[in-house]
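One-letter residues, chain by chain:
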Amino acid sequence: MASWILLRGLTRESGHWGAFVGQFQAALPGSEVLTLDLPGNGALFTQRSPTRVRDMMEHCRAQLVCRQLTAPYHVLAMSLGAMVAVAWADAYPRELAAQVLINTSMRPFSRFHERLLPANYGTLIRLAVLGGTPEEWEGAVLRLTANDAHPDVTAHWLALGQAHPVSRANALRQLLAASRFHAPARQPNVPTLVLASTKDRLVSVECSRALARQWQCPLRLHPTAGHDLPLDDGPWVAAQVCELLVPERCD
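Residues numbered from 1 in each chain as written. Predicted model: local features only at pLDDT ≥ 70, side-chain atom pairs only at ≥ 80, totals over all residues. Heavy atoms only, no water.

A. Here's a closer look at the sheet that holds strand S5 (residues 192–197). Read from one edge to the other, the open sheet built from six strands follows the order S2-S1-S3-S4-S5-S6, with strand pairing classed as parallel. Strand pairing shows two members of the sheet lacking a second neighbour, strand S2 (31–36) and strand S6 (219–222), which therefore form its edges. Put simply, the sheet's adjacent strands are angled 20° from each other on average, direction ignored. With four bridges connecting them, strand S1 (residues 2–7) and strand S3 (residues 73–78) associate as parallel partners. Residue pairing in the sheet places Trp4 in a bridge with His74 of S3. Strands in contact with helix H3 (residues 79–91) are S1, S3 and strand S4 (96–102); relative to S3, the strand with the most contacts, it is inclined by about 145°. Here helix H10 (residues 229–244) sits on the sheet and contacts S1, S3, S4, S5 and S6; the angle it forms with S5, its principal contact strand, is near 150°. (Pairing = 2+ DSSP bridges. Helix = DSSP H or I, 4+ residues; strand = E, 2+ residues; numbered from the N terminus. Axes fitted to C-alpha atoms, helices over the stretch in contact; angles between N-to-C directions. Contact = heavy atoms within 4.5 Å.)

B. Quick look at the packing of aromatic side chains. According to the stated counting rule, one finds five aromatic pairs in the structure shown. Judged by centre distance (5.2 Å) and plane angle (80°), the rings of Trp4 and Phe24 are edge-to-face. Of this pair, Trp4 sits in strand S1 while Phe24 sits in helix H1 (residues 20–27), and the two are 20 residues apart along the sequence. Both residues of the pair, Trp4 and Phe24, count as buried. With centroids separated by 5.9 Å and ring planes inclined at 80°, the aromatic side chains of Phe109 and Trp215 adopt a geometry described as edge-to-face. In this pair, Phe109 is assigned in the loop between S4 and helix H4 (112–115) and Trp215 in helix H9 (residues 205–215), connecting sequence segments 106 residues apart. Judged by relative accessible area, Phe109 falls into the buried class, the value being 16%. Exposure remark for Trp215: the relative accessible area of 0% places this residue in the buried category. An aromatic cluster is present here, built from Trp4, Trp17, Phe20 and Phe24 joined pairwise through their rings. The ring of Trp157 is capped by Arg12, whose NZ or CZ atom sits 5.2 Å from the centre of that ring. (Phe/Tyr/Trp six-rings, centres within 6.5 Å; stacked < 30°, edge-to-face > 60°. Buried < 20%, exposed > 50% of the residue type's maximum accessible area, 1.4 Å probe, protein only. Lys NZ or Arg CZ within 6 Å of the ring centre and 35° of its normal.)

Written as structure tokens, this is what we have:
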């Protein structure tokens, strides 16, 4: 049975996958789908977030050992989670059967203004400096990351934040880890698929294009979805994985 490990991004947790977990599982009925939290997020919110992506990766490996899940694993990851996957593929390529990287950005392939589009600076600085209610924060995140209407998502995200609050210190540590991560120049020795949204309003699609070009790996682009591609069109994500990576396991 193939094992798929799902990893979210900065300050996000397993619960933020929402309906996508079920959509992905339905598309790969013969696989086991498991979501992991990075230290400081989700069920691990009381832990101190590492300031190095490599340490986050080692924590994920330890979690799987504790769950008695054996390699090789398939990893599907977004944003900061995708950096964890890349570090994993670089350090332990035999442990990964494949990796899917969604709307991520990494040094040295992308510049700062591509990794965070300038149109968002004002909103983020205002919330960071002046503060904001949880409703304002989650509403802003949803507007920045989703292009489709999701009327029930904000309430769900607020509930996640109340149950597993991410501390400001941990958010800063995760931001530091993401900013200092340096991806290897060489092509990973792991089958890699890059998925991105051409209408991503948070991170430039050029970041994914540069990554796929550098590593000579497949790139699939969604024409309308936002940064949170699994939220805007989870079935499309699952379909790309089935077509390009594991067609023999899909309906």
